[in-house]
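Here is how the chains run, residue by residue.
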Amino acid sequence: MHRDSGAHGRLVQRWFARLALAAGLAAVMVLLVFAGIKSIALLGAGLAGLAISAASLWWALTQRGIRRLLAFTLAAVAPLAVLALYAWAELLWVVLVSLALWALGAAVGGAALSRDREPAGPPETRTAPPEHPFLIMNPRSGGGKVGRFHLKEKADALDADVLLLDTAHQQDVVALADKAVEGGADLLGVAGGDGTQALVAGVAARHGIPFMVISAGTRNHFALDLGLDRDDPSTCLDALTDGVELRVDLGFVGERAFVNNASFGTYAAVVQSPAYRDDKVRTILQTLPDLLTHRRGPRLAVRVANRAIDGPQAVLVSNNPYRMGDLAGLGRREVLDSGTLGVLGVNVDNAAQAAELLAGKNAPGLTSLTAQEVVIDADEPEIEAGVDGEALTLPTPVRCTIHPRALRVRVPRNRPGVPRAKAPMDWRRLRKLALS
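Residues numbered from 1 in each chain as written. Predicted model: local features only at pLDDT ≥ 70, side-chain atom pairs only at ≥ 80, totals over all residues. Heavy atoms only, no water.

*Asks:* Looking at this structure, I do not really get the overall build of the protein chain. What am I missing?
*Replies:* Across its full length, the protein chain carries 13 helices and 17 strands. In the protein chain, which comprises 436 residues, the proportion classed as buried is 44%. Residue pairs in contact within the protein chain that sit at least 24 positions apart in sequence constitute 73% of those at least 6 positions apart. Put simply, the protein chain shows about 22,000 Å² of open surface, and 58% of that area lies on carbon and sulfur atoms. (Helix = DSSP H or I, 4+ residues; strand = E, 2+ residues; numbered from the N terminus. Buried < 20%, exposed > 50% of the residue type's maximum accessible area, 1.4 Å probe, protein only. Contact = heavy atoms within 4.5 Å. Areas by Shrake-Rupley, 256 points an atom, 1.4 Å probe, with all protein chains shown as cover.)

The following block contains the structure:
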């Protein structure tokens, strides 16, 4: 039965590849047959429109007042002008049909290639349920998910010791977690944001006890990469009675742990503003011009093994690399136990370089590396940082490291799992697969 199922899967995969190639070829043929030599001009106009829009957005982010308004206007008008040109040439329908066929080919081709990529994840280990679990819950996290899903009541019913944070006063969750371990807790868990999870995860790793994630935050990036249910955080409590253990890496900025990433440069500076929480868009538009043009903030220098990134506007150091093959994959990690940090540096000094970012990971201003240690230095004694969404100010140089498999994470045995990774489009692989 298993062999027949595998053969059927390979047959479906082969036909998906053939359909993708047929759609891609049809997209080209539609342009050549109905537009002829004009197809080259159509392609050039489309690429020019995209480049002008990207450059205009750069101008809009680095200017203020009437110049910003004009730049935003140009960014919006450029693609409309391209569409108007297609319509004037009576070839708009040709372009739209060709784009639709190309999109179909890319979607079906990605599905065919992705069938070879099984959901990755660290090995699971069956362990005995904890006897004295201690859970920290933030009632305000995720817009009140702790109360909406009755997490405290459900955890109480499972004999867990639950501490609700006092939202009116700042509390030291590291001290609370350490005290719980001293009192006999054999598992630490958090229903809250990634920043709180990271702090408590660091305590759990230091004491060598399991850590449990309850997806009650707003974005739940760590929960996503662990394959947990982000729609119903109460299902995470199943780990207390029917759970398995995963060993994952833990990133560190100095002595502070992070489960997702640490950012430096523009984003880190923006989130430091007291106005950011109340009015994100206005705060970003007010602060970006000076940050992007180096009129404000320190000049960063990043050292990664034998590589250096000089003067980037933004640096992201992640606990395991983020997927870079497609825009939809940004913010996702293929694995959590590779033992390496991901490093993403952005260095854009003018509109032309902003337009080049359309090349994605191959853009000259985008640097993507992996390492076990990253050092971020600057021409100032302190730099601003965002560590799992928490705004910090750190002395330079800042040293980021990774501790492989340092964190024992307890998760439910039955959970949605990590979604299948989308494979990058590779037309050569598709051709081989279609002809196999």
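*Asks:* Just to check I follow, could you spell out a nonpolar patch on the surface for this structure?
*Replies:* Taken together, the side chains of Leu25, Val28, Met29, Leu32, Val33, Phe34, Trp93, Val97 and Trp102 present a nonpolar region at the surface, about 870 Å² in accessible area. Elements represented by at least two residues in the nonpolar patch include exactly α1 (2–35) and α4 (92–114). Ranked by the residues each element gives to the nonpolar patch, the list is headed by α1, at 6 residues. Assessed through its relative accessible area of 56%, Val33 is described here as exposed. (Patch = residues over 30% accessible without salt bridge, like charges linked within 9 Å, V, L, I, M, F, W, Y side chains within 5 Å. Salt bridge = Lys/Arg side-chain N within 4 Å of Asp/Glu carboxyl O.)

*Asks:* Can you help me understand helix α2 (residues 38–62) in this one?
*Replies:* For the α-helix, the turn length of 3.6 residues means that residues three or four positions removed from each other point alike. In this model α2 runs 36 Å from its N-terminal to its C-terminal C-alpha over 25 residues, within 8% of the 36 Å that 1.5 Å per residue would give. Among the residues of α2, Ser39, Leu42, Ala45, Gly49, Ser53, Ala54, Ala55, Ser56, Trp58, Ala60 and Thr62 are the ones counted as buried. (Expected span 1.5 Å × (residues − 1).)

*Asks:* I'm lost on the pattern of salt bridges in this one. Help?
*Replies:* Pairing is possible between side chains that carry opposite charge, provided their charged atoms lie close to one another. For the coordinates displayed, the defined rule picks out 10 salt bridges. A salt bridge links Arg333 to Asp225, with the nearest nitrogen and oxygen atoms 2.9 Å apart. Note that Arg333 is positioned in the loop between β11 (314–319) and β12 (341–346) and Asp225 in helix α9 (residues 221–225), a separation of 108 residues in sequence. Accessibility classification places Arg333 together with Asp225 in one group, the buried group. Through salt bridges that share partners, Arg126, Asp242 and Arg413 make up one connected network.

*Asks:* What is the right way to read the packing of aromatic side chains from this model?
*Replies:* Any pair of aromatic rings gets described here by the distance separating the centres and the angle formed by the planes. Counted according to the given criterion, the structure contains 0 aromatic pairs. Across from the ring centre of Trp15, 4.7 Å away, lies the NZ or CZ of Arg18, which sits over that ring. (Phe/Tyr/Trp six-rings, centres within 6.5 Å; stacked < 30°, edge-to-face > 60°. Lys NZ or Arg CZ within 6 Å of the ring centre and 35° of its normal.)

*Asks:* Just checking my understanding: could you explain the nonpolar core for this structure?
*Replies:* Buried together is how nonpolar side chains tend to be arranged in soluble globular proteins. Within the largest apolar cluster, 50 residues are counted, with the highest numbers of intra-cluster contacts made by Leu135 and Leu188. Residues within four places of Leu135 in sequence aside, it is in contact with Ala155, Ala160, Asp161, Val162, Leu163, Leu187, Gly189, Met212, Ile214, Leu237 and Leu240. Counting 25 residues, the second-largest nonpolar core is a separate cluster that includes Ala262, Val304, Leu369 and Ile383. (Core = buried A, V, L, I, M, F, W, Y, C linked by side-chain atoms within 4.5 Å.)

*Asks:* Please clarify how the pairing of strand β14 (residues 373–378) should be interpreted in this entry.
*Replies:* Relative to β14, strand β9 (residues 300–304) runs antiparallel, the two sharing 4 bridges. Across the sheet, the residue bridging to Leu300 is Ala378, located in β14. Where β14 meets strand β17 (residues 398–412), 4 bridges bridge the pair, whose relative direction is antiparallel. For Val375, the partnering residue across the bridge sits in β17 and is Arg399. (Pairing = 2+ DSSP bridges.)

*Asks:* Can you walk me through the packing of α2 against helix α3 (residues 65–88) in this structure?
*Replies:* How two helices pack is summed up by the angle between their axes together with the distance between the axes. In contact at an axis separation of 7 Å, α2 and α3 are set at 170° when each is read in the N-to-C sense. Taken together, the axis directions place α2 and α3 in an arrangement best described as roughly antiparallel. Contact residues: α2 offers Leu42, Ala45, Gly46, Gly49, Ile52, Ser53, Ser56, Leu57, Trp59, Ala60 and Leu61, while α3 offers Arg68, Ala71, Phe72, Leu74, Ala75, Ala78, Pro79, Val82, Leu85 and Tyr86. Each residue belonging to the contact of α2 with α3 can be placed in one class, and the counts come to 16 nonpolar, 4 polar and 1 charged. (Axes fitted to C-alpha atoms, helices over the stretch in contact; angles between N-to-C directions. Parallel < 35°, antiparallel > 145°, perpendicular 65-115°, else oblique. Nonpolar A, V, L, I, M, F, W, Y, C, P; charged D, E, K, R; others polar.)

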